[in-house]
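A structural walkthrough
Now for the letters of each chain:
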Amino acid sequence: MSKNYRITLLPGDGIGPEITTVAVEMLKAVGAKSGINFVFKEALIGGAAIEATGNPLPPETLAACKDSDAVMLAAIGGYQWDNLPRAQRPETGLLGLRSGLELFANLRPASIVPQLVDASSLKREVIEGVDIMVVRELTGGIYFGQPRGVFSTETGEQRGVNTMAYTGSEIDRIARVAFETAQKRTKKLCSVDKANVLEVSQFWRDRVIEIAKEYSDVELTHMYVDNAAMQLVRSPKQFDTIVTSNLFGDILSDIAAMLTGSIGMLPSASLGASGLGVFEPVHGSAPDIAGQDKANPLAQVLSAAMMLKYGLNEPEAAQQLEKAVITVLDGNYRTGDIMSPGMNPVGCKQMGELLVQALAKI
Ligand code: NAD
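Residues numbered from 1 in each chain as written. Predicted model: local features only at pLDDT ≥ 70, side-chain atom pairs only at ≥ 80, totals over all residues. Heavy atoms only, no water.

**Here we look at the side chain of E314**
Mapped onto the elements of the fold, E314 is located in the loop between helix 10 (298-311) and helix 11 (315-330). By relative accessible area, which is 9% here, E314 ends up buried. Among residues more than four places away in sequence, those in contact with E314 are K3, Y5, I36, L308 and K309. (Helix = DSSP H or I, 4+ residues; strand = E, 2+ residues; numbered from the N terminus. Buried < 20%, exposed > 50% of the residue type's maximum accessible area, 1.4 Å probe, protein only. Contact = heavy atoms within 4.5 Å.)

What follows is the structure in structure tokens.
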């Protein structure tokens, strides 16, 4: 009996539609092989939604997401919307999606693909074997805290304000996701904060220590965020699972991403309390290469694999997508962002065709 899943597609802006096309073809192909039927429904977000409706997250989009089994997002944003008032910018749509679906946990794996070791800007011996999972808190902290804004002071000077705030329950639930993630890996968890300076960070640390009592098999360490940024570049293999707040996680996961050589290779999963997840590449909409058939679709395909694994509990189908990615890399096919001498240059579309061919042979 075939299984049916309703997937909401949010291609968004820039290279989003190009890489979504590739991932959808791969899902259809793996579905046909595995007895899985995907029903795709496309919805608007970001700049595309602003152009069509004036709203970066139309209510119909949020409703479609809530009415599906999983959401596959590509990317949002572009220069043409950068000067709009904040409430109307593409990024506001993305933040609205995360809070609307209560996606409080963002899982970002950064592991070195052996075929791409030389694409990293770091030395081979530093990065070979790196396999890190960054668990970032996604719906709290300074990106959502109140008060926020630019206000006039009593002296008439303007003052910009954002607020980094966490409740105990917000910290506890992300800590539990991180401990459970670490349990499935090497049972090492590093909590990153700035407890030497920020009260909110000291509170974060105290709560994580409290939750650690429920997971005695996991080794917990703590690191200040400035040191963590340095250590990720100096000696990344010391890390397995990292848990951190929204702002620190945003920055650290991009550093971890670059260890792997290309941001075009990295998927992510955002999970909520309800079990509904949004699966998206770590990279943005890459407006500099949009519409030129230059985008690397592999992060989007690997995001589809994370969707199968974490969102739909279809680990075998997920593995087939991952194997297809490795097969095309073994065939020495590369998009521009991961190109190195002697490799075969391909565009987004051709990479998609090669992936489908590779999948057919698995
Ligand atoms: P970006 O990730 O879009 O691009 C950074 C660089 O990496 C660019 O040179 C780009 O060409 C390259 N790149 C990114 N993805 C690639 C891919 N799949 N294949 C090949 N090359 C790739 O980041 P940016 O330039 O800082 O931001 C561009 C826009 O994207 C902005 O509007 C920003 O707000 C938005 N953005 C969106 C998200 C998201 O949707 N989650 C995340 C980050 C940035």
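**Some points on the environment of K41**
Tracing the backbone through its elements, the reader meets K41 in strand 2 (residues 36-42). As for K41 and E60, which are separated by 19 residues in sequence, their C-alpha atoms are 12 Å apart. Setting aside residues no more than four positions away along its own chain, K41 makes contact with I7, T8, L9 and A64.

**A look at the domain arrangement of the protein chain**
Domain parsing of the protein chain yields domain 1 (1-107 + 265-362) and domain 2 (121-259). Distance from the C-alpha centre of domain 1 to the C-alpha centre of domain 2: 25 Å. Buried surface at the junction of domain 1 and domain 2, both sides included, amounts to about 1,300 Å², of which 70% is carbon and sulfur. On the domain 1 side of the interface with domain 2, the three residues burying the most area are F104, N106 and L107, jointly 48% of the side's total. On the surface where domain 1 and domain 2 come into contact, there are zero salt bridges. Inspection of the domain 1/domain 2 interface yields two residue pairs in polar contact (both at pLDDT 80 or more). Going through the elements one at a time, helix 4 (90-100) and strand 4 (105-111) are the ones with two or more residues in the side of domain 1 that touches domain 2. Considered class by class, the residues forming the side of domain 1 that touches domain 2 number eight nonpolar, three polar and two charged. (Domains from an automatic or database assignment. Buried area = accessible area lost by both parts, 1.4 Å probe. Salt bridge = Lys/Arg side-chain N within 4 Å of Asp/Glu carboxyl O. Polar contact = N/O pair within 3.5 Å; in protein donor to acceptor, adjacent residues only side chain to side chain. Nonpolar A, V, L, I, M, F, W, Y, C, P; charged D, E, K, R; others polar.)

**Comments concerning the nonpolar core**
Of all hydrophobic cores here, the largest spans 69 residues; its most connected members are I7, M72, L107, F179, L308, L321 and L355. The dominant element in this core, judged by the number of residues it contributes, is helix 10, at eight residues. Both domain 1 (1-107 + 265-362) and domain 2 (121-259) contribute no fewer than three residues apiece to this core. (Core = buried A, V, L, I, M, F, W, Y, C linked by side-chain atoms within 4.5 Å.)

**Section: the packing of aromatic side chains**
Inspection of the entire model under this criterion finds four aromatic pairs. Taking 6.3 Å as the distance between ring centres and 35 degrees as the angle between the ring planes, the aromatic pair formed by Y5 and F38 counts as tilted. You can see Y5 sitting in strand 1 (residues 3-12) and its partner F38 sitting in strand 2, a full 33 residues away along the chain. Looking at F38, the relative accessible area reads 10%, which means it is buried. (Phe/Tyr/Trp six-rings, centres within 6.5 Å; stacked < 30°, edge-to-face > 60°.)

**Concerning the packing of helix 1 (residues 16-34) against helix 11**
Put simply, helix 1 and helix 11 touch, their axes get as near as 10 Å, and they point 130 degrees apart. It follows that helix 1 is oblique to helix 11 by the angle criterion. As helix 1 runs across helix 11, the sense of the crossing is right-handed. Of the residues in helix 11, those in contact with M26, L27, V30, K33 and S34 of helix 1 are A317, Q320, L321 and A324. Broken down by class, the residue content of the contact of helix 1 with helix 11 amounts to six nonpolar, two polar and one charged. (Axes fitted to C-alpha atoms, helices over the stretch in contact; angles between N-to-C directions. Parallel < 35°, antiparallel > 145°, perpendicular 65-115°, else oblique. Left-handed = near helix turned anticlockwise from the far one by under 90°.)

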